[in-house]
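Given next are the chains, with one letter for each unit.
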Amino acid sequence: ADCRYTCHQECRSLIQLDCRRPGQCQSQLSPESTLRVPPCSQNVTQTVEEEKPEPPTIQEIKQKIEKYNAKVTNCLLMKLNDDGTYTGFIKVHLKLRRPVTVPAGIRPQSIYDALKEVNLAEMTDKRTSFYLPLDAIKQLHISSTTTVSEVIQGLLKKFMVVDNPQKFALFKEMRKDGQVLFQKLPLTEYPLYLRLLAGPDTNALSFVLKENETGEVEWDAFSIPELQNFLMILDKEEKDKIQQVHKKYERFKQRLQQTLKEARGKPG
């Protein structure tokens, strides 16, 4: 109330206020404030307890699955098991801007390898890096007990990526009022349950695998070859950017010279 501090509702538990004049903190907040802070002492570190909804019953899950399957236009139906768990499919869009590390000289994983749980990445110590196709889509058959962490690890295994899973994060993509919104999912979240609640329409909800942007790059998590590869990629991107700038202004220069040439001898 004294400093007119304003924060987002979900950020409230993270805010610490060092009030210099505690005795004057009883005044009303300004009309522009979006959060009313209670009378403060020295620090405000309140934890907002969120009420967790009760888990749905088997009957409720059954009704949701029947409603979901009624909207499915392909064969990717959900199936309810006797123990109350259920299985289904999710599609994950790969939107990775950085190269991934894979074993060098290893053939793609076959169905036989997957059934036998053969880990081809352990057959060689040689590594190489390359870019995965931007916005590639991978379809996964998972259970209602499959967590976000397990989905990430499963995707990396399918593409034989040997990078640390902590470098990646799963996001849910939503479209609202013509805008595309991304929200990072916690590792303990269940993607299939989110899919069930949203329905089969991917425009309402889709899953995206991206780099785990934490704000600070943990360089210790990368090996020396990876760091050297990043330097090579950054050097190439820098040269490409310089070349694009040169071409842009070269075209501008040519148009300007052509305009001056055409204007010569003309009045005004």
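Residues numbered from 1 in each chain as written. Predicted model: local features only at pLDDT ≥ 70, side-chain atom pairs only at ≥ 80, totals over all residues. Heavy atoms only, no water.

(A) The arrangement of unusual backbone geometry in detail. For Met160, which is not glycine, the phi dihedral falls at a positive 55°. The topology assignment puts Met160 in the loop between helix 3 (148–158) and strand 6 (168–176). Met160 gets classed as buried once you look at its relative accessible area, which sits at 14%. (Helix = DSSP H or I, 4+ residues; strand = E, 2+ residues; numbered from the N terminus. Buried < 20%, exposed > 50% of the residue type's maximum accessible area, 1.4 Å probe, protein only.)

(B) Local environment of the environment of Lys210. The topology assignment puts Lys210 in strand 8 (residues 206–211). For Lys210, a relative accessible area of 25% corresponds to the partly exposed category. Placed 113 residues apart in sequence, Lys210 and Arg97 show a C-alpha to C-alpha distance of 7.9 Å. Ignoring anything within four residues of it in the chain, the contact list for Lys210 reads Lys95, Leu96, Lys167, Phe168, Ala169, Phe171 and Phe182. (Contact = heavy atoms within 4.5 Å.)

(C) Layout of the packing of aromatic side chains. Enumeration over the complete set of coordinates arrives at zero aromatic pairs. When the ring centre of Phe171 is taken as reference, the NZ or CZ atom of Lys210 above it lies at 5.2 Å. Residue placement shows Lys210 over the ring face of Phe182; its charged tip is 4.4 Å from the ring centre. (Phe/Tyr/Trp six-rings, centres within 6.5 Å; stacked < 30°, edge-to-face > 60°. Lys NZ or Arg CZ within 6 Å of the ring centre and 35° of its normal.)

(D) Spatial organisation of the pattern of salt bridges. By the definition in use, this model includes five salt bridges. Between Asp163 and Lys167 there is a salt bridge whose closest N-O contact spans 3.6 Å. Between Lys236 and Asp240 there is a salt bridge; the shortest N-O distance is 3.1 Å. Placement of both Lys236 and Asp240 in helix 5 (residues 224–263) is noted, with a separation of four residues, approximately one turn of the helix. Classification of Asp240 as partly exposed rests on a relative accessible area of 30%. (Salt bridge = Lys/Arg side-chain N within 4 Å of Asp/Glu carboxyl O.)

(E) Molecular detail of helix 3. Taken as a whole, helix 3 has its buried residues at Val148, Val151, Ile152, Leu155 and Leu156. Down the axis of helix 3, the buried set is contained in an arc of 130°. They therefore lie on one face. If you follow the buried residues of helix 3, they end up packed against strand 2 (86–94), strand 5 (136–143), strand 6, helix 4 (191–198) and strand 8. Met160 sits one or two positions beyond helix 3 and adopts a positive phi of about 55°. (Arc of directions from axis to C-beta.)

(F) Fine view of a nonpolar patch on the surface. Residues Val245, Tyr249, Phe252, Leu256 and Leu260 make up a contiguous nonpolar surface patch of roughly 500 Å² in combined accessible area. Residue placement: Tyr249 occurs in helix 5. (Patch = residues over 30% accessible without salt bridge, like charges linked within 9 Å, V, L, I, M, F, W, Y side chains within 5 Å. Areas by Shrake-Rupley, 256 points an atom, 1.4 Å probe, with all protein chains shown as cover.)

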